[in-house]
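Notes for the structure review
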Amino acid sequence: MYKLYPYFTNDGSVGLFSPEADDIYHSTYGALTEAYEKFVLPANVKYFLKNNSQIKILDICYGIGYNTKSFLNYFLEKFFSNFEIKNEKIFNNKANIDKIYSNNIYNREIYTDNIEKNSETLINIDTIDNDNVLCEHSINSFQKIPINPHLNNEALYSNNLACEKSLCSGQKYKIFIKALDNDKTLLILSPFFRQGNEDDKKYNNLNFNYEKISKLLNNKFEAKYKLNPAINFALLYKICNKLPEIIGNSEISNILDSNEYKPFFDSEIMACFKKINESDVSEYPQEAISSFLHNIYYNHISTSYKIVLEYLISDNFIFEPVIGDARTSLINDKDTYNLIFLDAFTPAKCPCLWTLEFFKLLYEHLSEDGMILTYSNSASIRNAMLNAGFYAGKIYNNEFNKFTGTIAVKNKSLIKFELSEYDLGLINSKAGIFYRDKNLNLSNGEILASHKSEVEKSCKMSSSRFIKEFKKKNCL
Ligand SMILES: C[S@@+](CC[C@H](N)C(=O)[O-])C[C@H]1O[C@@H](n2cnc3c(N)ncnc32)[C@H](O)[C@@H]1O
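Following both chains from N to C, one finds helix 8 (residues 229-242) and helix 10 (residues 267-278) inclined at 25 degrees, their axes separated by 11 Å at the closest point. With respect to helix 10, the element helix 8 is oriented roughly parallel. In this structure, helix 8 meets helix 10 at a crossing whose hand is right-handed. Across the interface between the two elements, Asn-232, Phe-233, Leu-236 and Cys-240 of helix 8 pack against Ile-269, Cys-272, Phe-273 and Ile-276 of helix 10.

Next up, the structure:
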C-alpha cells in the first residue's frame, strides 16, 4: 500500500517525510506558515492584483498543496470582506452528509435557488506607509541591511502599495492555478489533510528515522495562519472533476480508511468523499460528481462559507492538476505565469528541478512582470537563475531576521532585497557551480554525478576559502 509519513508540525498543519528522497516535504516550524512566509507574502499579491484582474500561478511540486491553499486563503482574506474563519463546521449538520443523495446520485438537477445572494461588501486594502524610520540588523553577520522592525512579514513586501483605500470585490478576479507533481496519490489526498492543534501532536508517531524532525517538533506551537475549510472542499470538487477515476479507487479508500492516517485527515471532507465513492458514477462521472458536489454545496454548506465557496467552485477559479515529471509537463505547456512557486526537494536530493536548463525553461513560462519564488538560498541555484537570464533577489523573514529564500524575476524593480557582495562572491566560488541537464531528461543520479565531477575539476576558489577571506577583509 502507498505509504505516508505524516506528523503535525509546529503550527498544526501536517508535514510529510519522504524516505525515497530522504527529505522532508515541509518545514517543521509549520508547513502552512512556511507556505505563507516563503511563497505567498513575498509575492506581493495585493500589489499585482491592484493592476490586474487575473492571476496565473504555476505550483511546481504541489505535494499536498500548501502553497496553492495559502495563496487562496490569502486572496480570500484580502478580497472578500465577509471572509472569516468560523469555528463552526463547514456543513450545516454533519448528519446530513449521510443522507445526501444516498439513493440517487443521478439526480443531476442542480440546486441553485436556495443560495443566499449576499451582496458583496467591498474590502479595504490595507495601506502601509513607506516608512523611512530604518534600523540596521545584521544578517548572518555577512550583510547589513536596513529593515523596519515595525513591519510584519506581509507589510514588508506590500509597502510599495500606493496608499489608497482601494475597494474591490473578490469575485471580479480570475485565478488560474496549474499544479505539477509526479505523485498522483498525494495530489488526490491533498484536500483531506486537516489543521490540528498542540494536542494533536500526540499522533506524531515518527516511525521513520529522522531524528532532526522529532527534536524540532518540540519547539513552540504557534498557529499563525488558519485555512478556511472551504478551500479543501473546493479543491476536492475540482480534483474529482478533473480526475473522476479517483472515485471508487481502492488505493485512495484504503489510505483514507487506515487508522494510522485517520488523525491527519479532515472527517467532514472524508465523509463527503465517502458518499461520492459509494455511488456508481461510472456512466457520466464528471457530470455526476459535479451535480453531487453542487447539491451538497447548495443544501448543506453553512451560510458563512457560502460566498467564498461559491467563488471557489465557479469558473473564476480554475485548478488544473498535471501529473508527471515537472520537466515534461512544462515542455508540453504553452502558458506563461505571473507567479511560479518552486518547491522541489532540496537540490542535493532532486537536482533535476534546479538545473540551468530547467531555469531556462521557467524563463519561457514567466511573464514579464512575473516572479519565481523558492525557499532555496543556495549559491548554485542563484547562479543558475542568473545564467538563465533572470535577476535574482532574496526573500527576507522579518521575524527571524533571516533570508529564507530566493526570487527570480525579469523586471528588476520587483526585487526588494538584492544579492549582497557576499552572495555574489559565493556565487563565483565553487559553491556557485550549477547543475546541468542538457536535454532535460537525465536522472537525479546522473545530474549529481556530473555536477560532482565538474566541481572537482574546477579551478574556482572553494567556498570555505572565499568565506574566510571575506570575513578577514570585512573584519568579521
Ligand atoms: C518538498 S515537496 C513539495 C511540498 C508541497 N509544495 C506542499 O505544499 O505539500 C516536493 C514534491 O515534489 C514532487 N516531485 C519530486 N520530483 C518531481 C518531479 N521530477 N516532477 C514533479 N514533481 C516532483 C514530490 O512528489 C513532492 O510532492
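Don't stop here, the text continues.
As a further point, take the site of the ligand. Inspection of the region around the ligand gives 21 residues, with His-26, Cys-61, Ile-64, Asp-181 and Asp-343 positioned closest. One of the side-chain nitrogen or oxygen atoms of His-26 is found 2.6 Å away from an oxygen atom of the ligand. Look at the ligand: alone it shows 610 Å² of surface, and the protein chains cover 95% of it. Residues that form the shell around the ligand fall into these classes: 11 nonpolar, six polar and four charged.

Quick look at the pairing of strand 12 (residues 366-374) now. Among the nine residues in strand 12, seven count as buried, and that is most of the element. Strand direction decides the pairing type here: strand 11 (residues 337-342) and strand 12, joined by five bridges, are parallel. Across the sheet, Leu-342 pairs through a bridge with Thr-374, a residue of strand 12.

Attention shifts here to the sheet that holds strand 11. The sheet built from eight strands is open, its strands ordered 10-9-4-11-12-14-13-15 with mixed pairing. Strand pairing shows two members of the sheet lacking a second neighbour, strand 10 (317-323) and strand 15 (417-418), which therefore form its edges.

Here we take up the sheet that holds strand 1 (residues 6-8). Strand order across the open sheet formed by three strands is 1-2-3, with antiparallel pairing between neighbours. A single partner strand is all that each edge strand has here, and the edge strands are strand 1 and strand 3 (23-24). Bridge count between strand 1 and strand 2 (residues 14-18): three bridges; the pairing is antiparallel. Paired with Pro-6 across the two strands is Leu-16, which belongs to strand 2.

Taken as a whole and judged by the stated rule, the model has 27 aromatic pairs. Residues Tyr-5 and Phe-17 carry aromatic rings whose centres are separated by 6.4 Å and whose planes lie at 85 degrees to one another, so their mutual orientation is edge-to-face. Here Tyr-5, found in the segment before strand 1, pairs with Phe-17, found in strand 2; they are 12 residues apart in sequence, far enough to count as distant. When its relative accessible area of 6% is taken as the criterion, Phe-17 is described as buried.

Let us look at the state of the cysteines. Tallied over the entire structure, the rule returns zero disulfides. Cys-350 takes part in no disulfide bond, and the closest cysteine sulfur to it belongs to Cys-352, at a distance of 4.2 Å. Of the residues examined, Cys-350 reaches a relative accessible area of 11% and is grouped as buried.

Cut-offs applied
Residues numbered from 1 in each chain as written. Predicted model: local features only at pLDDT ≥ 70, side-chain atom pairs only at ≥ 80, totals over all residues. Heavy atoms only, no water. Axes fitted to C-alpha atoms, helices over the stretch in contact; angles between N-to-C directions. Helix = DSSP H or I, 4+ residues; strand = E, 2+ residues; numbered from the N terminus. Parallel < 35°, antiparallel > 145°, perpendicular 65-115°, else oblique. Left-handed = near helix turned anticlockwise from the far one by under 90°. Contact = heavy atoms within 4.5 Å. Near = heavy atom within 4 Å. Polar contact = N/O pair within 3.5 Å; in protein donor to acceptor, adjacent residues only side chain to side chain. Areas by Shrake-Rupley, 256 points an atom, 1.4 Å probe, with all protein chains shown as cover. Nonpolar A, V, L, I, M, F, W, Y, C, P; charged D, E, K, R; others polar. Buried < 20%, exposed > 50% of the residue type's maximum accessible area, 1.4 Å probe, protein only. Pairing = 2+ DSSP bridges. Phe/Tyr/Trp six-rings, centres within 6.5 Å; stacked < 30°, edge-to-face > 60°. Disulfide = S-S within 2.5 Å.

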